[in-house]
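Understanding the architecture of this molecule
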Amino acid sequence: MGGSGPRDRGRRTAALLTCAAVAAGSAAGCSGGGGARDDDLGVAVTPGGGAVLRPDGQIAVRSRGGTIENVTVASGGSAVEGVLSADRSQWRSRWTLDPGRSYTVNATAVGRDGRSRTVSSRFATAQVRSTSAMGLDAPSDRETVGIGMPIILKFDKKVTDRAAVERALEVRSDRPVEGAWHWFEGDEGPEAVFRPRQYWPAHTKVSFRAHLSGVRTGKDIYGVKNYGVDFRVGDEHVSTVGEDNHKMVVRFNGRKVRTIPTSMGRGGARKYTTTNGVHLAMAKKDPTVMTSEWEGCGPGCAGYYSLTVYKAVQISGSGEYVHSAPWSVGSQGHDNVSHGCINISPSNAAWFYRHAYRGDPVTVTGTSRELEPDNGWGYWQLDWNDWVKGSALKRSVTTAPRVDAATLSAQPGSGTPARPGAKGN
């Protein structure tokens, strides 16, 4: 910790903005309090030695009369990322901390006299009694997806501090894309869904990180795990299906590649009417069994059916698929005879199935039954203003591959704030 001359200082790295966790030290004690500081050193770390910090607390380093050169954080848990202020006088941890961990912080600053000084602090984060689990419903890691793909998080418990959760969610991409989170009440618990304002540009690479370990989601309830996924947007696939002209027009990257005769819901009852609006391909199943039990008609019921269907692409949560239907080929292109699905020929179904990505938009026009935004992945049914209103923070964000330290220091969360005037228009 002795001094060093200008030549020695020139060999040092200017600053470390992200601190990796290393092997854990022994547990810190459960007493103590204020910051560890030494006026002679000109650098202070909070919390101080022996402190017990809530998991959603923060590590802070301040330099008095100098600039911060290096901060390292050792723990037995997740890596600790940090943000350095523009004038290099302050450093703080960016995300919440793992519950029930011991942490050791070593911070080095360079004073006005040119000498380097280091101070250390050891503390612990409190144990938590109640935890909340999260599941990432879509997309999958390393998946190639369609241009409409959402990011869907599902929680097993009520989330009362949704703003805290949103601030812990980070979406980045290799080109700027404006998007926003929206909360839904799912059948099994709350869901947070991220959607771009407009479709993802084709061939965009996207990274999503949920920094939820240590986030307080409700009264005395904390997340205990972080999540991450990287995915890639593929070619632009857009399909438009007309109820009145009995055709599905498929375009790849703006070019029409196939016109497919269809037979859609026969109508007469709402349950037999294909839903109208922007659907997304949700899953591919080959084969799947379709029965009338979804409408309460089981074996022995008049009108009962059970069909094994091939090359089926699911487009709603209410059981609608684009699928092979050899039994209705004579009606395809002319009449609507299905129970609500989009029937196409076996050869067209094999082609569509082979090319479909999850997240491909399939827009249905001309029917009398509107697709609900929470029916499957009907998220594009909401206009942008209504979508942003469903965010706990009431704002959109713009993704980016890198964010400068000054911006991060001012506004942690899912990327950087959208440019002025861009959100909610």
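Note: the structure precedes this text.
Residues numbered from 1 in each chain as written. Predicted model: local features only at pLDDT ≥ 70, side-chain atom pairs only at ≥ 80, totals over all residues. Heavy atoms only, no water.

**Considerations on the overall build of the protein**
Helix and strand counts for the protein come out as five helices and 35 strands. Counting over 425 residues, the protein shows a buried share of 51%. Only carbon and sulfur atoms are counted for the fraction: they give 47% of the accessible area of the protein, which is about 19,100 Å². (Helix = DSSP H or I, 4+ residues; strand = E, 2+ residues; numbered from the N terminus. Buried < 20%, exposed > 50% of the residue type's maximum accessible area, 1.4 Å probe, protein only. Areas by Shrake-Rupley, 256 points an atom, 1.4 Å probe, with all protein chains shown as cover.)

**Thoughts on the pairing of strand β23 (residues 247–252)**
A regular strand places its side chains on the two faces of the sheet in alternate fashion. Judged from the six bridges that link them, strand β22 (residues 237–242) and β23 form a sheet pairing that is antiparallel. Opposite Val-238, over in β23, you have Arg-251 as the bridge partner. Between the antiparallel neighbours β22 and β23 lie four residues, among them His-246 with a positive phi of about 60 degrees. Pairing analysis gives six bridges linking β23 to strand β24 (residues 255–261), with the strands arranged antiparallel. Looking at β24, one finds that Val-249 is bridged to Thr-259. Between β23 and β24, which pair antiparallel one after the other, the connecting turn spans two residues, and Asn-253 there sits at a positive phi close to 50 degrees. (Pairing = 2+ DSSP bridges.)

**Side note on the environment of Leu-212**
Its place among the elements puts Leu-212 in the loop between β18 (205–210) and β19 (216–218). Relative accessible area serves as the criterion here: at 4%, Leu-212 is assigned to the buried category. A C-alpha to C-alpha distance of 7.6 Å links Leu-212 and Tyr-227, two positions 15 residues apart in sequence. Discounting residues that sit within four places of it in the chain, Leu-212 has contacts with Met-134, Phe-155, Val-165, Ala-168, Leu-169, Gly-223, Val-224, Lys-225 and Asn-226. (Contact = heavy atoms within 4.5 Å.)

**Topic: the state of the cysteines**
Two cysteines whose sulfur atoms are joined by a covalent bond form what is called a disulfide. Scanning the model with the defined rule gives one disulfide in all. Each sulfur in the disulfide pair Cys-297 and Cys-301 lies 2.2 Å from the other. Disulfide Cys-297 to Cys-301: torsion about the S-S bond roughly -105 degrees, handedness left-handed. You can call Cys-297 buried: its relative accessible area is 6%. The class of Cys-301 is partly exposed, set by a relative accessible area of 32%. (Disulfide = S-S within 2.5 Å.)

**As for the pattern of salt bridges**
Applying the stated criterion across every chain yields a total of 15 salt bridges. Where Arg-162 meets Glu-185, a salt bridge forms, and the shortest distance between an N and an O atom there is 2.5 Å. Separated by 23 residues along the polypeptide, Arg-162 in helix α2 (residues 162–167) and Glu-185 in strand β16 (residues 178–185) bring together distant segments of the chain. The exposure class assigned to Glu-185 is exposed, which follows from its relative accessible area of 58%. The salt bridge involving Lys-389 is made with Asp-386; its shortest N-O contact spans 3.9 Å. (Salt bridge = Lys/Arg side-chain N within 4 Å of Asp/Glu carboxyl O.)

**As for the sheet that holds strand β4 (residues 52–53)**
The strand order across the open sheet formed by four strands is β4-β10-β9-β6, and the pairing between neighbours is mixed. The open sheet has two edge strands with one neighbour each: β4 and β6 (66–74). Inspection of the sheet shows strand β9 (residues 102–111) paired to strand β10 (residues 116–125) by nine bridges, in the antiparallel sense. Pairing of Val-105 across the sheet is with Ser-121, part of β10.

**Observations regarding the environment of Ile-147**
With respect to the element layout, Ile-147 can be found in the loop between β13 (144–145) and β14 (151–155). When its relative accessible area of 1% is taken as the criterion, Ile-147 is described as buried. Considered as a pair, Ile-147 and Pro-201 are 54 residues apart in the sequence and their alpha carbons are 6.6 Å apart.

**Some details on the side chain of His-246**
Along the polypeptide, His-246 turns up in the loop between β22 and β23. The buried category is assigned to His-246, whose relative accessible area is 13%. From its side chain, His-246 meets the backbone oxygen of His-334 in a polar contact 2.9 Å long. The contact partners of His-246, leaving out residues within four places of it in the chain, are Ile-260, Pro-261, Thr-262, Gly-333, His-334, Asp-335 and Asn-336. (Polar contact = N/O pair within 3.5 Å; in protein donor to acceptor, adjacent residues only side chain to side chain.)

**Brief notes about the sheet that holds β18**
Spatially, the four strands line up as an open sheet ordered β13-β21-β18-β15, and their pairing is mixed. The sheet is open, and its two borders are formed by β13 and β15 (169–173), each paired with just one other strand. For β15 and β18, the ladder comprises five bridges, and the chain directions are antiparallel. Within β18, the position partnered with Val-171 by the bridge is Phe-208.

**Here we look at unusual backbone geometry**
A cis amide bond, omega -5 degrees, links Ala-138 with the succeeding residue Pro-139. Along the chain, Pro-139 falls in the loop between β12 (134–138) and β13. The step from Asp-286 to Pro-287 runs through a cis peptide bond, and the omega angle for that step is 5 degrees. Structurally, Pro-287 can be placed in the loop between β26 (283–285) and β27 (288–291). Positive phi, normally seen in glycine, also occurs at Asp-220, with a value near 60 degrees.

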